[in-house]
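Residue-level structure breakdown
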Amino acid sequence: MKSSMYILMTGIFLFLFVTISSSSVYAEGEWTEWIVDNFNGKITKPVTNFSVSIAELQVREQSGYGLINLRIRYEKTPGRLTWTKWATHNMRGTRKVVKIPRGGEVVGIQVREQSGYGLVDARLYYKAGQRFGWTSWVTKNQRGRVAQQMCQDGSYGKSMRVKEQSGYGIVNLQMYCEWPN
């Protein structure tokens, strides 16, 4: 009787520990709202590092579609940059990249959404020391309306995920923002 009560209590403790531990990962940060109001398509797995900040954004742009893929680069160890996996499986198109200043933190993102194409351009908003600034637009496509999402005060961009729609490419985007420990 004592051993089965011990096993039951141990199981409950482990369940609570795992539940609390796994939920606390998200207690330090949150996903922004979707950047535009196009909710078509499927959500991809996040391009993630969740441990350090975004240093670069790389996209694939395909004529007639706009942005079809993206990934982020981060500093895994001092001086060593590492790419995440691509957000989608579409490897067509031309690769283009924007970088923030070394030591900076991404605090927002701006996109251009063009009717009939989805997202066609993007740029990052960053904080480097006491200075804030925008990177250049990654594709230089000036068509479409501009939309943006910013991390809440004091939090930084750590990850992104997208909605991909067949025949259109990337049609929406979210950024995961996290507060420093």
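The rules we used
- Residues numbered from 1 in each chain as written.
- Predicted model: local features only at pLDDT ≥ 70, side-chain atom pairs only at ≥ 80, totals over all residues.
- Heavy atoms only, no water.
- Salt bridge = Lys/Arg side-chain N within 4 Å of Asp/Glu carboxyl O.
- Helix = DSSP H or I, 4+ residues; strand = E, 2+ residues; numbered from the N terminus.
- Buried < 20%, exposed > 50% of the residue type's maximum accessible area, 1.4 Å probe, protein only.
- Pairing = 2+ DSSP bridges.
- Axes fitted to C-alpha atoms, helices over the stretch in contact; angles between N-to-C directions.
- Core = buried A, V, L, I, M, F, W, Y, C linked by side-chain atoms within 4.5 Å.
- Phe/Tyr/Trp six-rings, centres within 6.5 Å; stacked < 30°, edge-to-face > 60°.
- Lys NZ or Arg CZ within 6 Å of the ring centre and 35° of its normal.

**Brief notes about the pattern of salt bridges**
By the definition in use, this model includes four salt bridges. Here Arg145 makes a salt bridge to Asp37, at a shortest N to O gap of 3.8 Å. With a gap of 108 residues between them, Arg145 in strand 11 (residues 145-150) and Asp37 in the loop between strand 1 (29-31) and strand 2 (42-43) connect regions that are remote in the sequence. Accessibility expressed as a relative area gives 59% for Asp37, which makes it exposed. In this structure, the salt-bridge partner of Arg145 is Glu113, at a minimum N-O distance of 3.1 Å. Of this pair, Arg145 sits in strand 11 while Glu113 sits in strand 8 (residues 105-114); the two residues are 32 residues apart in sequence, bridging distant segments of the chain. On the accessibility criterion, Arg145 (41% relative accessible area) is partly exposed. Salt bridges here are not isolated pairs; linked through shared partners, they connect Asp37, Glu113 and Arg145.

**As for the sheet that holds strand 9 (residues 118-128)**
Strand order in the open sheet formed by four strands is 10-9-8-11, with antiparallel pairing between adjacent strands. The open sheet has two edge strands with one neighbour each: strand 10 (131-134) and strand 11. Neighbouring strand axes in the sheet, compared pairwise and without regard to direction, differ in orientation by 20° on average. Alignment of strand 8 against strand 11, held across six bridges, turns out to be antiparallel. Residue pairing in the sheet places Gly108 in a bridge with Met150 of strand 11.

**Here's the deal with the nonpolar core**
Ranked by size, the top nonpolar core spans 29 residues in total, and within it Leu57, Leu70, Ile109, Leu124, Met160 and Leu173 carry the most contacts. Considering each element in turn, this core owes the most residues, five residues, to strand 9.

**Regarding the packing of aromatic side chains**
Applying the stated rule across the entire model yields three aromatic pairs. Geometrically, the ring pair formed by Tyr125 and Trp134 is tilted, given 4.6 Å between the ring centres and 45° between the ring planes. Trp134 sits in the partly exposed class, given a relative accessible area of 27%. Taken together through their ring pairs, the aromatic side chains of Tyr125, Phe132 and Trp134 make up a single cluster. Over the aromatic face of Trp83 sits the side chain of Arg71, whose NZ or CZ is 4.5 Å from the ring centroid. In this arrangement the basic side chain of Arg112 is found over the ring face of Trp137, its NZ or CZ atom lying 4.7 Å from the centre.

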